[in-house]
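Architecture and fold: a report
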Amino acid sequence: MANNPVQVVLQTDQYMKRPESGGGGGSKDFFEGRDVDFRKHKSKLLKEVESVRAALSGPQVGAVGFVKVKLQSAALAKSHRPMDAIFKPAQFPLVGTGNLGELYFEVSQDSLNHAERVINRAEETVTKRNSKDELAPSAARSEVGAIEAITIPAANEKRAFASDDAAAYFKAHPTGRYLAIELFVDESEVQGNDFRRGTLAALRRFRQQLSQAADGLKVWATGKEWKTVHITVVQFPKQIVESGVLRATIDRVLKFLDGSALVRRYSLGPVVTRTASGPSARIGKAPSFPAPQPGVDYPIVGVVDVGVTRKGPIADWCVGRLNFMNNPDEEREHGSFIAGLLVNGGAYNPGQPLEGAACKFFDFDLYTDDDTLFQANYESGLVDLMRQLDSQLANKPDGLRIVNMSLNSLELTDPSGYSYAAAILDELADKHDVIFVVSAGNLPTPHIRDRWPAEPVPALQQIATYPHLGADRVYVPGETARNLTVGALELVDAKGTTRPARYSRRGPATSAGVKPDFGHIGGCLAGGNPLISLDADGISTRAWHGTSFAAPSVAKTLALLGGAIEGHQPRELLLGLMYHFAKMPKVLSDSKLDGVAKDFAGFGLPAQHHEMLATDDHAITLLFADRLPPGMELSFDFSWPSSLVSEDFSRGEVALTVVCSPPMDRKFGAEFARANLDAYLRQETIDAEGEVKYKGRLSANHHGIAEKHLILHGAKWWPVKHYSRSFKRLEGTSNWRLVVDSLTRAGAPYPDEGISFAVVLTIADPKKAPIFAGMRQSLLNRGIQLRNVRTAARPRAR
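My aim in this report is to walk through the structure given alongside it, one point at a time. Starting from 1, residues in each chain are numbered consecutively following that chain's sequence as written. Thresholds applied to this predicted model are a pLDDT of at least 70 for local features of residues and 80 or more for the giving and counting of side-chain atom pairs; totals over whole chains, interfaces and linings are not thresholded and use all residues. The side-chain figures draw on all heavy atoms in the structure; neither hydrogens nor water molecules are used.

1. Some remarks on a negative patch on the surface
For patch detection, residues must exceed 30% relative accessible area and be free of salt bridges, and they are connected within 9 Å for like charges or within 5 Å for nonpolar side chains (Val, Leu, Ile, Met, Phe, Trp, Tyr). The accessible surface values rely on the Shrake-Rupley method and a 1.4 Å probe; as for residues, cover is taken only from the protein chains in view. Salt-bridge detection follows one rule: a side-chain nitrogen of Lys or Arg within 4 Å of a carboxyl oxygen of Asp or Glu. Only four residue types enter the charge count, namely Lys and Arg as positive and Asp and Glu as negative; His and the chain termini do not. In this description, the location of a charge corresponds to atom NZ of lysine, CZ of arginine, CG of aspartate or CD of glutamate. Where like charges cluster on the molecular surface, the negative patch consists of Glu-330, Glu-331, Asp-370 and Asp-371. Tracing the chain through its elements places Asp-370 in the loop between β16 (360-364) and α10 (371-377). For helices the rule is a DSSP run of H or I covering at least 4 residues; for strands it is a run of E covering at least 2, with both sets numbered from the N terminus onward.

Now the structure itself:
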């Protein structure tokens, strides 16, 4: 029986220490044994630098420009970045990255002269040797070899639409009548920097000229609202869209943006939509609806939607509402259905893995399906909606930390990037100390898949032959890195089986990590197994399905989990428990599906909240939560459970989860996470000569050791990592060590305040022999301070 509380390790600062030196890729000759090829390559790069210099001399560019440096596929590691000899940060500010291995640098005529000199002096034959008598290339030779190409970003990389497309889009979508412009730099980066005075002057000229590009446009930047999200919005008011000058106005603006070296890319304003799927059906009068119990402190979930009905007994569960959009009750089906699941979802859907306990809710009625009303409130569409949400969260009720937002923009996530919508959501999460739970989005009817097969091989065949591959990716802002994205699963059948819903969008949403984070029950109306919840009349029930309705079940579990733990918990702790105890549905757990299962269900179906707070006698779970300071690592020594050690061998099952909140910057595309924290589990081994080493016992399931595989398969830079292993006979002593360390991107500083993290470690005996009491006592005997998670799951005071 699971009656042993998760153990919180206290005073974790005493386990912080300076890491031992080592690591790094060092100088590498990427043209080893190919001197003739190197000479040709060196000559090619010099010609490319000359082409950049010529382009910078053009009348529209000015004194400052930007280049894209593409690296060889073997040079993706941080240690191989060409930033020690050629593109030195003092002369070439790194202003962003694109796809893996694409770097963007700010350049001038003077700095290009420096680059040319360094490339010229790279030796064409390596003759120098190191202390081991190995050939040792210079930094210049190594960096020249690491670079594949140096180019000016092409104009066709800036936008993915034509002028005609924009005109038609603005007429068809009143809520998306703006351009979102991303620049290579913004004022906050260059102000006060004498070296970049020319860049600041170019920015000021750009903004002045943009505002004069056409009459009647509204131009503003987001820098004042959000620290980490810098976009410039050009809004096309209704009078321009409905006039005869729309096309001419668009042409003038596009010509200006295409010709500006400062512009990295720009896009049309996305359309926001709720993510229910298909029609719904009213069933009839609802069974008795519960009333809140006096004196019970219910967790609160915010509902950002069309509003929740004010009719019927569900009104007693509402702790407050905005009355912002003030939609009539009959148009509040979507929000009412979500609120019904938060309060009474388990009773409405018996036999499903839904929480039986209830949550209260706060009604953020910030959305409407009425385009005219939406535009009247949000002239800049999604951006304005986020500004309003930011304002309202500043006055959220005490205790509200989880916000359900079953809304998406009709925009596919970019596997090589990180949208401004996701970046805004992540900044709001940090600013207001909340966790958003968003839906992955639903497929349009023509793209809906066949039902997921029960066996893995047919499932793989179905994925391989799906005709809309790529168009079924998760919607923005589903690549959010601070919050949770949820895909939909079918209802659990009589055999206890569930599978991905046919309409649910899939990952990968970003090259850096796993999205969606979880799968949960979203129902399938067409298959006769919908979800049931409250109708907008407040007394009837409705049958529906969609990722919109999978998301609130995750939000509810997260809120209940936070409410079950005493005190205010760091977000990383709550998320760590959610990820750690999630389980992949059986139909997705076959090893043949390892490469695709996470794209549909993420880390799996979350456990019930009470299941995350206790373990059986045959297992123990340790929880660490703190900040990792600069230049430090956490190193925690412990003894493996004695009942799992025999002679010089250890056995058991282990699971390890780490969640962190690294600094992020969307200018760096696929490299938007600017630091990485990882956790390692190591066992002491002693060789025949008596040398003691700690050997790693957990690793990510990836193919090969190239950097691109560490990223794509090991989620190297993603803020969430989970490892597990079962072993019968590991040679080594009973001394083990848990280590948490850090790594930053090339040119990225580590935050002075450190990085918040949580680690969850579970050790278990697959033979079900008891280990909890013995290991807990062993830890206490070492002087390690522990407390039960229910009574004091908080990190050390600071």
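There is more to say, and it comes next.
2. Some details on the sheet that holds strand β5 (residues 94-97)
On the basis of which strands lie adjacent, the open sheet formed by four strands has the order β5-β6-β4-β7 and antiparallel pairing. Of all strands in the sheet, those with a lone pairing partner are β5 and β7 (147-151), marking the two edges. Between one strand and the next, the sheet's axes are offset by a mean angle of 25°, whatever the strand orientation. Pairing of strand β4 (residues 65-71) with β7, which is carried by four bridges, proceeds in the antiparallel orientation. Across the sheet, residue Lys-68 finds its bridge partner in β7, namely Thr-151. Throughout, a contact is declared for two residues whenever any of their heavy atoms are within 4.5 Å. The axes used here are C-alpha line fits, helices contributing only the stretch in contact, and every angle between their N-to-C directions lies in the interval 0 to 180 degrees. Of the strands in this sheet, β4 and β7 touch helix α3 (residues 139-146), which is tilted by about 75° from β7. A pair of strands is considered paired only if DSSP assigns at least 2 bridges between the two.

3. Here's the deal with the sheet that holds strand β11 (residues 263-268)
Across the sheet, which stays open at both edges, the four strands sit in the order β9-β10-β8-β11 with antiparallel pairing between neighbours. The strands lining the two open edges of the sheet, one partner per strand, are β9 (218-221) and β11. Ignoring strand direction, the axes of neighbouring strands in this sheet form an average angle of 20°. Sheet analysis places strand β8 (residues 178-183) next to β11, joined by five bridges and oriented antiparallel. For Ile-181, the partnering residue across the bridge sits in β11 and is Tyr-266. Sheet strands in contact with helix α6 (residues 197-211) are β8, β9, β10 (232-235) and β11, and its direction is about 165° off that of β8.

4. Considering the pairing of β16
Three labels apply to residues, based on accessible area from a 1.4 Å probe with only protein chains included: buried if under 20% of the type maximum, exposed if over 50%, partly exposed otherwise in between. In terms of residue burial, β16 counts as a mostly covered element, since five of its five residues are buried. Side-chain alternation along β16 places Lys-360, Phe-362 and Phe-364 on one buried face and Phe-361 and Asp-363 on a second face that is also buried. Direction of pairing for strand β15 (residues 318-321) relative to β16: parallel, over a ladder of three bridges. When the bridges of β16 are listed, Cys-318 appears paired with Phe-361. Seen with the strands pointing away from the viewer, any crossover whose path from the first strand over the helix to the second strand runs clockwise is right-handed. Handedness of the crossover joining β15 and β16 through helix α9 (residues 333-348) is recorded here as left-handed.

Purely geometric stuff here, so don't read any function into it on its own.
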